[in-house]
Amino acid sequence: MGIYIHIPFCRSKCFYCGFYSVASVQLKNEYITALCKEMELRKNYLHERQVDTLYLGGGTPSYLDIQDIEIIVNKVQNTWNLSKQAERTIEMNPEDATEEKLLGLRQLGFNRLSIGIQSFNDDVLKRINRTHTSQQAVEAVERAAACGFDNISIDLIIGLPGSKTSDEEYNLEMVHRLPISHVSIYMLSIDSNSVFEKLIEKGKFKPEEDDILAEQYLRISDYLKHIGYEHYEISNFAKNFKYSMHNTSYWQQKEYIGLGASAHSYDLESRQWNISNLKSYISSLNNNKLNIEKERLTENDKYNESIMTNLRTMWGLDLKTFSSKYPHFRKEMQTKLLSYTECGLLEDSGSHLRLTERGWLVSDRIFSDLFIE
């Protein structure tokens, strides 16, 4: 079981970001109080009592003071049974990675960092409104390792404005050089309500062609595998089996609870999500009320989600398990499966279906083709 906590505060809004966040900490104390109240109101949401993963995302969770993070973690531990072996991840910006904060996070039990680097090129970082430099990014990783973190993940984005092939090569060189165990590689997508979306509408920014991004993705994948990383999910690579346990639980369709403004939850039968408005979220909880929307999943929904989540990973879709639940799958989809296998986008071992790396590049198209209405 997993717990996700959304911290919506940022120093500034990155131009590519469509996640719910605010460039202010004015309501920080009120938000933390509301977050703790939500935990009280939803303590019985999870069917299982033991929690195996805790993930603080955002926004920028590392923007909070250690004392603030301690309040949140203590409330989690007092509300649920957080396993001693639980993976505890916090997203961090490089400029927050001071020795004091890193040691404080270690004391609170965090054993995994996800550092948002995006690029090691200063000019590119400025173009996307990041608030750190490439030197700060390098120092953040090195300092985290010196403070005892041996499970460090970084994010990189391909297709950023101003980036060149030489930047891609330098990014990979830094990955090879630094003590990193996990890398998330994202192709730039244009999120709704992002600055890039508005720039495109005004004709001030033109995204890279899909074919060029696909070539970069495959080159990066080949290189990372060459230096010992395992490509275990569409966007994720890990060394020494240090997969993201929290995100893997999403792909394996395990239940989880999402706390905080805009956070999503899943209890095997339905999905629900909190309102994406800081003031409304706080106001509701001040009155001991949840402000949520809920969608109960149909059997078709569960079928489609199982295909989409399992085929995102290198483990693929377990045909014995899936076919026992949906016996019509093989018969109805055989022609489509065969066509994808013949063109090298899908592998069928008899026991599992897996997308190839080229299949992952067009995964949305394949998923929608295999879905039922």
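The present account deals with the structure reproduced in this document. (Residues numbered from 1 in each chain as written. Predicted model: local features only at pLDDT ≥ 70, side-chain atom pairs only at ≥ 80, totals over all residues. Heavy atoms only, no water.)

## Let's talk about the sheet that holds strand β14 (residues 346–348)
- Across the sheet, three strands lie side by side as β13-β15-β14; this open sheet has antiparallel pairing. The open sheet has two edge strands with one neighbour each: β13 (317–318) and β14.
- Judged from the two bridges that link them, β13 and strand β15 (residues 352–355) form a sheet pairing that is antiparallel. Opposite D318, over in β15, you have H352 as the bridge partner.
- Those strands touched by helix α13 (residues 329–342) are β13, β14 and β15, and its axis lies near 125° from that of β14. (Pairing = 2+ DSSP bridges. Helix = DSSP H or I, 4+ residues; strand = E, 2+ residues; numbered from the N terminus. Contact = heavy atoms within 4.5 Å. Axes fitted to C-alpha atoms, helices over the stretch in contact; angles between N-to-C directions.)

## Describing a nonpolar patch on the surface
- On the surface, a cluster of nonpolar side chains totalling about 210 Å² of accessible area is made up of L41, L290 and I292.
- Tracing the chain through its elements places L290 in the loop between α10 (278–286) and β12 (292–296). (Patch = residues over 30% accessible without salt bridge, like charges linked within 9 Å, V, L, I, M, F, W, Y side chains within 5 Å. Areas by Shrake-Rupley, 256 points an atom, 1.4 Å probe, with all protein chains shown as cover. Salt bridge = Lys/Arg side-chain N within 4 Å of Asp/Glu carboxyl O.)

## Brief notes about the nonpolar core
- Counting 89 residues, the largest nonpolar core has I3, I5, I154 and F329 as its most contacted members.
- Tallying contributions element by element places helix α1 (residues 28–41) first for this core, with six residues.
- In this view, F329 contacts Y303, I307, L317, L319, F322, L337 and L353; residues no more than four positions away in its chain are not counted.
- The next biggest cluster of nonpolar side chains, apart from the first, holds 11 residues, and it includes Y16, C17, L160 and F196. (Core = buried A, V, L, I, M, F, W, Y, C linked by side-chain atoms within 4.5 Å. Buried < 20%, exposed > 50% of the residue type's maximum accessible area, 1.4 Å probe, protein only.)

## Quick word on α13
- Over its 14 residues, α13 extends 19 Å from the first C-alpha to the last, a length consistent with the 20 Å expected when each residue adds 1.5 Å.
- The sharpest bend along α13 reaches about 50° and sits at T335.
- All of the buried residues along α13 are F329, M333, L337 and Y340.
- G344 sits one or two residues past α13 and shows a positive phi near 80°. (Expected span 1.5 Å × (residues − 1). Bend = angle between axes of the 7 residues up to and from the residue.)

## A few points about empty space enclosed by the protein
- Within this structure, the stated rule accounts for one cavity of 30 Å³ or more.
- As for the largest cavity, its lining consists of 17 residues, and the residues nearest its centre are I157, I158, D167, E168 and N171.
- Looking at which element gives the most residues to the lining of the largest cavity, the answer is helix α6 (residues 165–177), with four residues.
- Of the residues assigned to the lining of the largest cavity, the class counts are eight nonpolar, six polar and three charged. (1 Å grid on protein atoms, 1.4 Å probe; cavity = no way out; pocket = protein on both sides within 12 Å on 5 of 7 lines; lining within 4 Å. Points joined across faces, edges and corners; volume = space filled by probe spheres on them. Nonpolar A, V, L, I, M, F, W, Y, C, P; charged D, E, K, R; others polar.)

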